[in-house]
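Residue-level structural notes
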Amino acid sequence: MSKPTIGFIGLGLMGGNMVENLQNRGYELTVMDLNKDAVDACVDRGAKAASSAKQLAESSDIVMLCLTTSAIVEKVVYGDEGILTGIKEGSVLVDFGTSIPASTRKIGADLAAKGVGMIDAPLGRTPAHAKDGLLNIMASGDIDTFNKVKPVLEEQGENVFHLGALGAGHTTKLINNFMGMTTVCAMSQAFAVADRAGVDRQQLFDIMSTGPSNSPFMQFCKNYAVDDVSDLGFSIANANKDLGYFLQMVEDLGTRSEIAEGSSANLQAAFDAGMGNGNVPEIFDYFRTLNK
C-alpha cells in the first residue's frame, strides 16, 4: 500500500525534526513555514514547498500542524487561502500543537461538515526524540479517523495514546503542563527562599531529593539554581501561554484554579521582566530578586 501524502505546516525545532523523520521513512511531503531556511532544509531533502495553506491542503492526504498558538492555528485554517478552502473530502487534519480544546472542537466540527476528519495530538518529549520518531503522542478524536492515521503517528511516536473524543488530547496536555510548570515554579521559589534565608541550596536539594518531593523537575530546577545549568528546553514564554490556556479551559468548564492563577501570575511577571526566552527553571532569578 502506498504511503499517504503529507502536508506539514510549522517547521520549528519540533516540527522540522518531525518532517525530517518522516522524510527518512519515505513519505512524500509538502511543507510551509514563515522561516525560509527551515523550508529550504526540507526541500533539499526532497519536500515540496507550498505558497499557501490552501495549496498545501489540496495536495495532501494528511495535513499536520505544529504551531505555537490556537490563534495561529485558526488563522491557518480559516484564512482566505486557508486549509478549509482547499482540504479534500476524506483527508485528515492532525494538530500537534498545544491548543485550547474549545477551539479544537470548533475546527473539528467545521472540517466534519466538509467530510474531513481531525485528530488533536499534542506531543511529549523533545525535538531530539522527534528526529528519531520517539515522541509521546496524546491523540484524540473519532476512533475511525484515529485508526486511519495511526500508522503514520506510530512512525513519529514511540508511545501513541488514544484518549477519547476530539479535544481530549489538548485537555490532557494542558493538565500535564499545569502540573509540570506549577511544580517548576514552586521548586524554583523554594530554592530562592532558601537563598534569601541563608540556607545552602545544595543542602536543601540533598534533603528534599531524599523524600517524596524528588522528581525530574526538581533535578532541572536544581541544575539551574545550584549548578547554573539551564537544561529544561521549555521557555517561560511557552509555559506562560500554556498556563493561560489552562485557565481558559477551566473557565470554559465552569470552575477555576487558584493554584494555576498563582503560577500564571509568576510566569507573566517573569515574562514582563524580559525573561520569556529563558527556560522555565530560570524563573529562579525572578523569585530571588522579588520584593514585597
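Heads up: these notes are all about the structure in this document. Just so it is clear, the structure is predicted and the values come from calculations on it, not from any experiment.

Phe191, Phe246, Leu267 and Ile283 are the most contacted members of the largest nonpolar core, which totals 34 residues. Of all the secondary-structure elements, those providing two or more residues to this core are α9 (168-197), α10 (201-208), α11 (216-225), α12 (236-252), α13 (258-275) and α14 (283-289). With nine residues, the single largest contributor to this core is α9. Excluding residues that lie within four positions of it along the chain, Phe246 makes contacts with Leu174, Ile175, Phe178, Ser257 and Ala260. Counting 31 residues, the second-largest nonpolar core is a separate cluster that includes Phe8, Leu22, Cys42 and Ala121.

Before going further, it helps to spend a moment on the pairing of strand β1 (residues 6-9). The alternating pattern of β1 places Ile6 and Phe8 on one face and Gly7 and Ile9 on the opposite face, and all of these are buried. Inspection of the sheet shows β1 paired to strand β2 (residues 29-32) by four bridges, in the parallel sense. Following the sheet pairing, Gly7 is matched in β2 by Thr30. As for the winding sense of the linkage, the β-α-β connection from β1 through helix α1 (residues 13-24) to β2 is right-handed.

On to the sheet that holds strand β9 (residues 157-162), then. One open sheet accounts for three strands, arranged β7-β8-β9; its pairing is mixed. Only two strands of the sheet have a single partner each, and these edge strands are β7 (123-124) and β9. The strands that helix α8 (residues 143-156) touches are β8 (135-139) and β9; relative to β9, the one it contacts most, it runs at about 165 degrees.

Burial along strand β5 (residues 92-95) is two-sided: Val92 and Val94 and Leu93 and Asp95, pointing in opposite directions, are all buried. Relative to β5, strand β4 (residues 62-65) runs parallel, the two being bridged by four bridges. Within the sheet, the bridge partner assigned to Met64 lies in β5 and is Val94. Alignment of β5 against strand β6 (residues 117-120), held across four bridges, turns out to be parallel. Looking at β6, one finds that Val92 is bridged to Gly117. The β-α-β motif built from β5, the intervening helix α6 (residues 101-112) and the parallel element β6 has right-handed crossover chirality.

On to the packing of α9 against α10. Packing of α9 against α10 leaves a shortest axis separation of 9 Å and a crossing angle of 130 degrees. In this view, α9 runs oblique relative to α10, as classed from their interaxial angle. α9 and α10 meet at a crossing whose hand is right-handed. When α9 is examined against α10, the residues Ala190, Phe191, Ala194 and Asp195 are found in contact with a partner set consisting of Arg201, Leu204 and Phe205. Here the contact of α9 with α10 is composed, by residue class, of five nonpolar, no polar and two charged.

Attention now goes to the pattern of salt bridges. Applying the stated criterion across every chain, the model contains 15 salt bridges. The partner of Arg25 in a salt bridge is Glu155, with the nearest N and O atoms 3.0 Å apart. Remark: Glu155 occurs in helix α8 and Arg25 occurs in the loop between α1 and β2; sequence separation between them is 130 residues. Residue classification places Arg25 among the partly exposed residues on the basis of a relative accessible area of 32%. For Glu155, a relative accessible area of 18% translates into the label buried.

So, about α6. Compared with an ideal rise of 1.5 Å per residue, which puts twelve residues at 16 Å, α6 spans 16 Å between its outermost C-alpha atoms and is within 8% of the ideal. The complete set of buried residues in α6 reads Pro101, Ser103, Thr104, Ile107, Gly108 and Leu111. The buried residues of α6 all sit within an arc of 155 degrees when viewed along its axis, so they share a single face. Close packing links the buried residues of α6 with α4 (70-78), α5 (83-86), β5, β6, α9 and α12.

Calculation notes
- Residues numbered from 1 in each chain as written.
- Predicted model: local features only at pLDDT ≥ 70, side-chain atom pairs only at ≥ 80, totals over all residues.
- Heavy atoms only, no water.
- Core = buried A, V, L, I, M, F, W, Y, C linked by side-chain atoms within 4.5 Å.
- Buried < 20%, exposed > 50% of the residue type's maximum accessible area, 1.4 Å probe, protein only.
- Helix = DSSP H or I, 4+ residues; strand = E, 2+ residues; numbered from the N terminus.
- Contact = heavy atoms within 4.5 Å.
- Pairing = 2+ DSSP bridges.
- Right-handed = clockwise from strand over helix to strand, strands pointing away.
- Axes fitted to C-alpha atoms, helices over the stretch in contact; angles between N-to-C directions.
- Parallel < 35°, antiparallel > 145°, perpendicular 65-115°, else oblique.
- Left-handed = near helix turned anticlockwise from the far one by under 90°.
- Nonpolar A, V, L, I, M, F, W, Y, C, P; charged D, E, K, R; others polar.
- Salt bridge = Lys/Arg side-chain N within 4 Å of Asp/Glu carboxyl O.
- Expected span 1.5 Å × (residues − 1).
- Arc of directions from axis to C-beta.

So, to be careful, I would describe these as geometric facts and stop short of saying anything about function.
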